[in-house]
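Descriptive structure summary
Now for the letters of each chain:
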Amino acid sequence: MNEDHLRSILDRLPMVDRVGRSGDGFLSTPCLLAETRHLSGKDSRPSMTISISDSLSFVRCWSCGYKRPFVDMLFELNMIYGGLADLAIEAQQVEQNRPFKLVANTKNDEINSYQNYTEVLNELYQNPWSEKAVELLNQKGVTLDIARKYGCCFAPKGTDIALPDGTEMIVQDDLIVFPIMTTSPDNSLVCVGAQGRYVEGSKTRSKYFAPLPFKSSKFFFGEQALSIRRSQPIILTEGPLDAMHVVQEGYRALALMGLSLQDKKASKLLLANPKYVILLLDPDGPGQQAVGVIKNTLLKHNIQTIVRRPDKDPKYLTKQDLSSLLLENTNGTIRQVR
């Protein structure tokens, strides 16, 4: 991607405060994933470089070791913070020499944290699930029944999603929608955003994006469970499929919707008064690098925290695997709930 396009996209990222040059052919900026990958949660130096290229641009943080295509990083930032899918798709289409036409998400700092998408979600509930979408759920350890209990729905290719702000997006391929539900002041459940996962994978795009923009810094997936079984422990996973599988096996779980835990979300956990919180993140490098930062945030809020490192993603753990992991050194104080 050429320098003008790179600067145009970087200037619209809310976490970017400065962009410079690093030698010939590179831009530099403080690491855009410092909050989840750096132990301090910050990067005071411009440790990240972005290559200026006629084709694909790559990013590298010389401090934490992060290295990935620029477009992939944008989709990852969208998973962590929400509301950045439009920039990621724009960058993707620029690198593919295609004009950017899709109208989708708005910039992160323009999103109303409590935008009510319940009517939009109700429209999506009218769509029948495809066999491939149900098969994908089953491959990830989740039944259609548990997905429906969490309000998940299916949007086939070509679905026109009309957002409350008047913009529209056309679903490019079959999509599973994971809604973010929270309790409103009148104690009713409302949809305040959604993450989507394409049923068919692709090397040229991220599997996940936010069809209904939301701030992942403020909401968990499955946080409606915070108001029940207050004395029971809470298990924190990365994504919605992980959380739903753990719940399906009989435990109370929430998804971080990424690899960060901000103070506002920690405060929600504190109000739920859990006996303790178990961090059950993916065993890959990014997941385990985020554990220390998340644990420190929880401890800052005086939330007792236990870390578990599974040998595979939580959605693939059997009931016996989960029992062994979750009961270890807890004196049997965690019990299954239904």
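As a starting point, this report considers the structure included with it.

Calculation notes
- Residues numbered from 1 in each chain as written.
- Predicted model: local features only at pLDDT ≥ 70, side-chain atom pairs only at ≥ 80, totals over all residues.
- Heavy atoms only, no water.
- Buried < 20%, exposed > 50% of the residue type's maximum accessible area, 1.4 Å probe, protein only.
- Helix = DSSP H or I, 4+ residues; strand = E, 2+ residues; numbered from the N terminus.
- Arc of directions from axis to C-beta.
- Contact = heavy atoms within 4.5 Å.
- Polar contact = N/O pair within 3.5 Å; in protein donor to acceptor, adjacent residues only side chain to side chain.
- Salt bridge = Lys/Arg side-chain N within 4 Å of Asp/Glu carboxyl O.
- Disulfide = S-S within 2.5 Å.
- 1 Å grid on protein atoms, 1.4 Å probe; cavity = no way out; pocket = protein on both sides within 12 Å on 5 of 7 lines; lining within 4 Å.
- Points joined across faces, edges and corners; volume = space filled by probe spheres on them.
- Nonpolar A, V, L, I, M, F, W, Y, C, P; charged D, E, K, R; others polar.
- Pairing = 2+ DSSP bridges.
- Axes fitted to C-alpha atoms, helices over the stretch in contact; angles between N-to-C directions.

**Concerning helix H4 (residues 85-95)**
For H4, the buried fraction is high: 11 of the 11 residues fall into the buried class. Within the sequence span of H4, burial applies to Ala-85, Asp-86, Leu-87, Ala-88, Ile-89, Glu-90, Ala-91, Gln-92, Gln-93, Val-94 and Glu-95.

**With respect to helix H1 (residues 3-11)**
Within an α-helix, residues lying three or four positions from one another point in the same direction, as the helix has 3.6 residues per turn. Within H1, burial applies to Leu-6, Ile-9 and Leu-10. For H1, the angular spread of buried residues about the axis comes to 100°, placing them on one side. For H1, the exposed residues set more than 90 degrees away from the buried face come down to Asp-4 and Asp-11. Elements in contact with the buried residues of H1: strand E2 (26-29), strand E3 (48-51), helix H3 (70-81) and H4. By the N-cap criterion, in which a side-chain oxygen at the helix start approaches the backbone nitrogen of a residue two or three places on, H1 is capped by Asn-2, the distance to Asp-4 being 3.2 Å.

**Side note on unusual backbone geometry**
Despite not being glycine, Met-257 shows a phi value in the positive range, around 65°. With respect to the helices and strands, the residue Met-257 is situated in the loop between strand E13 (253-255) and helix H9 (263-272). Positioned with a positive phi, Asn-302 is a non-glycine residue whose angle comes to about 60°. Here Asn-302 shows up in the loop between helix H10 (285-300) and strand E15 (305-307). Exposure remark for Asn-302: the relative accessible area of 70% places this residue in the exposed category.

**Re the pattern of salt bridges**
For the structure on display, the rule yields 12 salt bridges. What emerges from the salt-bridge pattern is a single network uniting Glu-3, Arg-7 and Arg-21.

**What about the state of the cysteines?**
Tallied over the entire structure, the rule returns zero disulfides. Left without a disulfide partner, Cys-64 is nearest to the cysteine sulfur of Cys-61, which lies 3.6 Å away. For Cys-64, a relative accessible area of 16% corresponds to the buried category. Free of any disulfide, Cys-153 has its nearest neighbouring cysteine sulfur in Cys-152, separated by 7.3 Å.

**Considerations on empty space enclosed by the protein**
For the structure shown, the criterion picks out two cavities of 30 Å³ or more. Quantified by volume, the largest cavity comes out at close to 50 Å³. Considering the residues around the largest cavity, the lining is formed by Phe-75, Ile-89, Gln-92, Gln-172, Tyr-198, Arg-205, Ser-206 and Phe-209. For the lining of the largest cavity, the residue count by class is four nonpolar, three polar and one charged. The volume enclosed by the second largest cavity comes to roughly 40 Å³. Forming the walls of the second largest cavity are Asn-78, Met-79, Gly-82, Gln-195, Phe-209, Ala-210, Phe-214 and Ser-216. Those elements giving two or more residues to the lining of the second largest cavity turn out to be H3 and strand E11 (208-212). Grouping the amino acids of the lining of the second largest cavity by side-chain chemistry returns four nonpolar, four polar and no charged.

**Details of the sheet that holds strand E12 (residues 234-237)**
The strand order across the open sheet built from four strands is E13-E12-E14-E15, with neighbouring strands paired in parallel fashion. Across the chains shown, the open sheet's two edge strands, defined by having one partner strand only, are E13 and E15. Each strand axis lies, on average, 25° off the axis of its neighbour in the sheet, ignoring direction. One ladder, built from three bridges, connects E12 with strand E14 (residues 277-279); its direction is parallel. In the sheet register, Ile-234 faces E14, and the bridge partner there is Val-277. Lying on the sheet, helix H8 (residues 240-248) is in contact with E12 and E13; it crosses E13 at an angle near 175°.

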